[in-house]
Amino acid sequence: MTAPFAQSFDDGLSDSLLHREEEMELNFGPQHPATHGVLRLKLKVDGERIIHCYPIIGYLHRGTEKLFELHPFFQNVPHTDRMDYVAAATNNLAYVGAVEKLVGLVVPPRARYIRTVLAELQRISSHLLWLATHAIDIGAMTPFFYCFRERELILDLFEQYCGARLTLNCMRPGGLPHDLPVGWTETCRAFVEAFPSKVDEYEGLLTENRIWKKRTIGVGVLDAETAIDYGVTGPMLRGSGVKWDLRKALPYEAYGAVEFEVPVGKNGDTYDRYLVRMEEMRQANRIIAQCLDKLPEGPIMAKRPRVMKAAKEAEVYHGIEGPKGEIGFYIVGDGTPNPYRCHVRPPSFINLQSLPELTKGQLIADLVALIGTTDIVLGEVDR
Amino acid sequence: MPGFLESIRHAVGDTLFYWAVSPAIKILVLLFLFILPLITYLTYAERKVLGWMQVRRGPNRVGPWGLLQPIADVMKLLVKEDTTPSRAVKWAFILAPCLVVGPAFVIFSVIPIGPPAGELGKLSWFITDVNTGLLFIIALATIGVYGLIIGGWASNSKFSLMGGLRSAAQMISYEVPQGLALVGPLMLAGTLSLVGIVEAQKKAGWWYIVPQIVAFFIYLVAGVAETNRNPFDLPEAESELVAGFHTEYSGMRFALFFLGEYANMIVISAVATTLFLGGWLRPFPNVVALAVLDWVPGPIWFFLKMAIFLFAYIWFRGTFPRYRFDQLMDLGWKWMIPLALANIFLTGLVKLMLLGGSR
């Protein structure tokens, strides 16, 4: 018996298209070097030109949202690590922020600053991973190793802080699990000082490279209106020229107290999105430096009840600016220590929606550039 | 000539020796002491150099400084299973890698890595000097593309097929500027024989890279495209087409494709050295003050010059992103072919003016 679900995919596709002799159906993924995980794209191609691109997801579905309901609020943080597994700290931050709103906890200032530092470090490391894979998809091999060199330093910083490198579990509703270890700020400061010159190094290889420009300028143009219609957020949206950044628009944690610019693109093509992300790394670095300077003394954990319970029918949405876009948690409580329902707004999933629009009429070679530029993590798309 | 060769010559007689024995020995020596080690260690050099460029170490586990790594790789590929996809066209699937490797090896027979024999009783530094040497090379280099197309088609995989088609389009469009670029030095030398071209450079007193700088760069770029190397590695673009035309190949058949790619790199470098960098000649071949450089034998000069090209190949790979298919075609047809034609025209014009039409 065929699954009705799978059947409807096929039917929807063949009805919508006229079949021609020259067309070929190509399954791109789920095991393919350029799909960054287990994304499957069903392509209709005419030679190398893409007529239609149909993303099929769910190969990494683990039922995370259901798992949230089975555990108390404070035990759910590790689940968020495993969604966008290259940006665990921002996922943690979004989740604990939502819980704090729901339960009504006031986070002490020191914890806020440290959280900001961790989140921005995570943004840099996520962007580094994006740049590494984006460049290698387009064929430039060397930036990959350069990016991993710096990403390693950030992972070391995380390891020194909480013992984990990838699935950090580094925040708790109400604050932080640990204070900064001795010497951590110095190591972090050394990284912050060295990092801008490293970004110059990556840009030296790519930004003015003729081939890089040829491969990215004018490829996958997403104008501001379409971007908003698709609900695209993060660097994807800002690349299209919309100046929308939750860190500025609805400041959370310590973002209100630091200065930084929000870079925006002009044309909404792959090159602009590249430039936006490069500048974001620089700005994130600036934020970290300011936070380290201003780091207040004090406790790192709010006064919180032994068992956190939400009021009956309390609901809350809390979204923050993750490296890939707006990551938000919508939590409904029912008076028990567990969430009644927890829905995630995953930026990767929503940004991925724009991929068929971006790839229309492009070549297969552009497709990999566009998968790179949407910066998806399948753990978050499928949850 | 070493003593044992001398005794063979006495035993079989001059005719037989120069027509059969010495070519056979040269082929064996060339193949086993020159081409195969060069190819295997080119892979090692590539990994090492790329490693240095990319803040990592490269192979360093097998043998001292990883020097035995290529041997370990070859051994591994030799004993690996050769799988054939169930729906593949078997004979074509087997034929394809041979078509890539064979011609690349044969080309070495006309490449002079050193000076010809001065007098009887000395051996020349090449297998043969064909008076249509350059045409021979172009003709053989073209056969390699069939290997890629057939390999891509016979695998019965969509990615392989697309890789094969890409390589067909790419090689056809880049063979034209490559051939045209070779016309420049040809006009200056007035001969197709590779030995003749090198000797003409000696007579002219400069390497042909000086008057033919345009042709040189066209040849270099087209050569990179011919060998499917970065930034023109579209047929095997691993992020787009998995592995292009050799997606379905494994074991020794894959190794043959691999070997073919590196052999072709060496061929392109060797031809460029011969045509543009004066082959086995020392720098400034006619400046007497530098005669001390003659102390270094010709083949060493040849290797050094070739190494420059091979390093450039690796350097490109460490630096450039990949072109897109249509951009590659644009570059070939809209820039390089007109440029190559203009170069031929200019060369002819200058030659005519300097020689005043008196041939």
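Conventions we followed
- Residues numbered from 1 in each chain as written.
- Chains lettered and ligands numbered in written order.
- Predicted model: local features only at pLDDT ≥ 70, side-chain atom pairs only at ≥ 80, totals over all residues.
- Heavy atoms only, no water.
- Helix = DSSP H or I, 4+ residues; strand = E, 2+ residues; numbered from the N terminus.
- Rg over C-alpha atoms; globule rule 2.2 N^0.38 Å.
- Buried < 20%, exposed > 50% of the residue type's maximum accessible area, 1.4 Å probe, protein only.
- Contact = heavy atoms within 4.5 Å.
- Areas by Shrake-Rupley, 256 points an atom, 1.4 Å probe, with all protein chains shown as cover.
- Lys, Arg positive; Asp, Glu negative; His and termini not counted.
- Charge placed at Lys NZ, Arg CZ, Asp CG, Glu CD.
- pLDDT = per-residue confidence, 0-100.
- Phe/Tyr/Trp six-rings, centres within 6.5 Å; stacked < 30°, edge-to-face > 60°.
- Lys NZ or Arg CZ within 6 Å of the ring centre and 35° of its normal.
- Pairing = 2+ DSSP bridges.
- Axes fitted to C-alpha atoms, helices over the stretch in contact; angles between N-to-C directions.
- Expected span 1.5 Å × (residues − 1).
- Polar contact = N/O pair within 3.5 Å; in protein donor to acceptor, adjacent residues only side chain to side chain.
- Buried area = accessible area lost by both parts, 1.4 Å probe.
- Salt bridge = Lys/Arg side-chain N within 4 Å of Asp/Glu carboxyl O.
- Core = buried A, V, L, I, M, F, W, Y, C linked by side-chain atoms within 4.5 Å.
- Patch = residues over 30% accessible without salt bridge, like charges linked within 9 Å, V, L, I, M, F, W, Y side chains within 5 Å.

### Description of the overall build of chain A
Within chain A, the secondary structure is distributed over 16 helices and 6 strands. Relative to the compact-globule value of 21 Å for 383 residues, chain A shows a C-alpha radius of gyration of 21 Å, a close match. Projecting the C-alpha coordinates of chain A onto the three principal axes gives extents of approximately 70 × 55 × 35 Å. Across the 383 residues in chain A, those meeting the buried criterion constitute 60%. Put simply, of all contacts in chain A between residues at least 6 apart along the chain, 72% involve residues at least 24 apart. Accessible area of chain A: about 14700 Å², with a carbon and sulfur share of 55%. For chain A, the distance from the average site of its 43 positive side-chain charges to the average site of its 50 negative ones is 4 Å.

### Let's talk about the confidence of the model for chain A
Taken as a whole, chain A shows an average pLDDT of 85; of its residues, 94% reach a score of 70 or greater. Taken together, the stretch residues 1-16 of chain A has pLDDT below 50 and engages in 8 contacts with residues farther than four places along the chain or on a different chain.

### Concerning the environment of Ala-263 of chain B
All names here are of chain B. Tracing the backbone through its elements, the reader meets Ala-263 in helix H10 (residues 251-276). Residues Ala-263 and Ile-27 lie 236 residues apart in sequence; the distance between their C-alpha atoms is 16 Å. What Ala-263 contacts, discounting residues up to four positions off in sequence, is Ile-39, Ala-104, Phe-105 and Phe-108.

### Quick notes on the packing of aromatic side chains
For the structure on display, the rule yields 26 aromatic pairs over all chains. Between Phe-144 of chain A and Phe-148 of chain A, the aromatic rings sit 4.6 Å apart at their centres with planes inclined by 20°, giving stacked as the arrangement. Residue Phe-144 of chain A and its partner Phe-148 of chain A are located together in helix H6 (residues 142-162), separated by 4 residues, close to a single helical turn. Through pairs of rings, three or more aromatic residues link up here, namely Phe-216, Phe-217, Tyr-219, Phe-276 and Phe-309 of chain B. Between the NZ or CZ atom of Arg-149 of chain A and the centre of the ring of Tyr-146 of chain A, over which it lies, the distance is 4.9 Å.

### What to know about the sheet that holds strand E3 (residues 49-56) of chain A
Residues and elements named next belong to chain A. With antiparallel pairing, the 3 strands of this open sheet are ordered in space as E1-E2-E3. Each edge of the open sheet carries a strand with a single partner, namely strand E1 (23-28) and E3. On average, each strand axis in the sheet is tilted by 20° relative to the strand beside it, whichever way the strands run. The pairing of strand E2 (residues 40-46) with E3 spans 7 bridges and is classified as antiparallel. Each bridged residue has a counterpart across the sheet, and for Leu-43 the counterpart in E3 is Cys-53. Across the sheet, helix H15 (residues 364-374) touches E1, E2 and E3, and the angle it forms with E1 is around 30°.

### A short note on helix H8 (residues 213-226) of chain B
Residue and element names in this part refer to chain B. Compared with the 20 Å implied by 1.5 Å per residue over 14 residues, the 19 Å span of H8 between its first and last C-alpha is a close match. Burial runs high along H8: 10 of the 14 residues are buried. Among the residues of H8, those classed as buried are Ala-215, Phe-216, Ile-218, Tyr-219, Leu-220, Ala-222, Gly-223, Val-224, Ala-225 and Glu-226. Of the surrounding elements, those touching the buried residues of H8 are helix H5 (133-154), helix H6 (158-189), H10, helix H11 (298-319) and helix H12 (325-355). After H8 finishes, the residue Asn-228 shows a positive phi value of roughly 60°.

### Regarding H6 of chain B
Residues and elements named next belong to chain B. In this model H6 runs 46 Å from its N-terminal to its C-terminal C-alpha over 32 residues, within 8% of the 46 Å that 1.5 Å per residue would give. One side-chain oxygen of the residue at the start of H6 lies 3.4 Å from the amide nitrogen of Phe-159, identifying that residue as Ser-157. In the segment just after H6, Gly-190 is the residue with positive phi, at about 75°.

### Observations concerning the pairing of strand E4 (residues 312-321) of chain A
Residue and element names in this part refer to chain A. Of the strand pairs in this sheet, E4 and strand E5 (residues 326-334) are connected by 8 bridges, and their pairing is antiparallel. In the strand pairing of E5, Glu-315 is matched with Val-332. In this structure, the hairpin formed by E4 and E5 is closed by a connection of 4 residues, where Gly-325 is found at a positive phi of approximately 145°.

### Some thoughts on the interface of chain A and chain B
Across the contact, 32 residues belong to chain A and 26 residues belong to chain B. Counting the surface lost from both chain A and chain B, the interface buries some 2700 Å², and carbon and sulfur atoms represent 62% of this. For the interface between chain A and chain B, the tally reads 1 salt bridge. Notably, a salt bridge pairs Arg-324 of chain B with Asp-366 of chain A, separated by 2.9 Å at the nearest N-O pair. At the boundary of chain A with chain B, the tally comes to 9 residue pairs in polar contact (both at pLDDT 80 or more).

### Re unusual backbone geometry
When glycine is set aside, most residues are seen to have a negative phi, and most peptide bonds are trans. Residues and elements named next belong to chain A. A positive phi angle, near 50°, is found at Asn-169, a position not held by glycine. Relative to the helices and strands, Asn-169 is located in the loop between H6 and helix H7 (184-206). For Asn-169, a relative accessible area of 23% corresponds to the partly exposed category.

### A closer look at the sheet that holds E4 of chain A
Residue and element names in this part refer to chain A. Read across the open sheet, the 3 strands follow the order E4-E5-E6; overall the sheet is antiparallel. A single partner strand is all that each edge strand has here, and the edge strands are E4 and strand E6 (339-345). Neighbour-to-neighbour, the strand axes of the sheet open up by a mean angle of 10°, direction not taken into account. Two elements, E5 and E6, share 6 bridges in a ladder whose sense is antiparallel. Within the sheet, the bridge partner assigned to Gly-328 lies in E6 and is Arg-345. Packed onto the sheet, helix H4 (residues 88-103) meets E4 and E5 and runs at close to 145° relative to E4.

### Quick word on the nonpolar core
Leu-121, Phe-329 and Ile-331 of chain A are the most contacted members of the largest nonpolar core, which has 84 residues in total. Among the elements that make up this core, the one with the highest residue count is helix H5 (residues 109-138) of chain A (14 residues). Formed by 71 residues, the second largest nonpolar core is a distinct cluster that contains Leu-30, Leu-182, Ala-215 and Ile-337 of chain B.

### Observations concerning a negative patch on the surface
A surface patch of like charges, here negative, comprises Asp-223, Glu-225, Asp-229 and Glu-357 of chain A. The topology assignment puts Glu-357 of chain A in helix H14 (residues 355-359).

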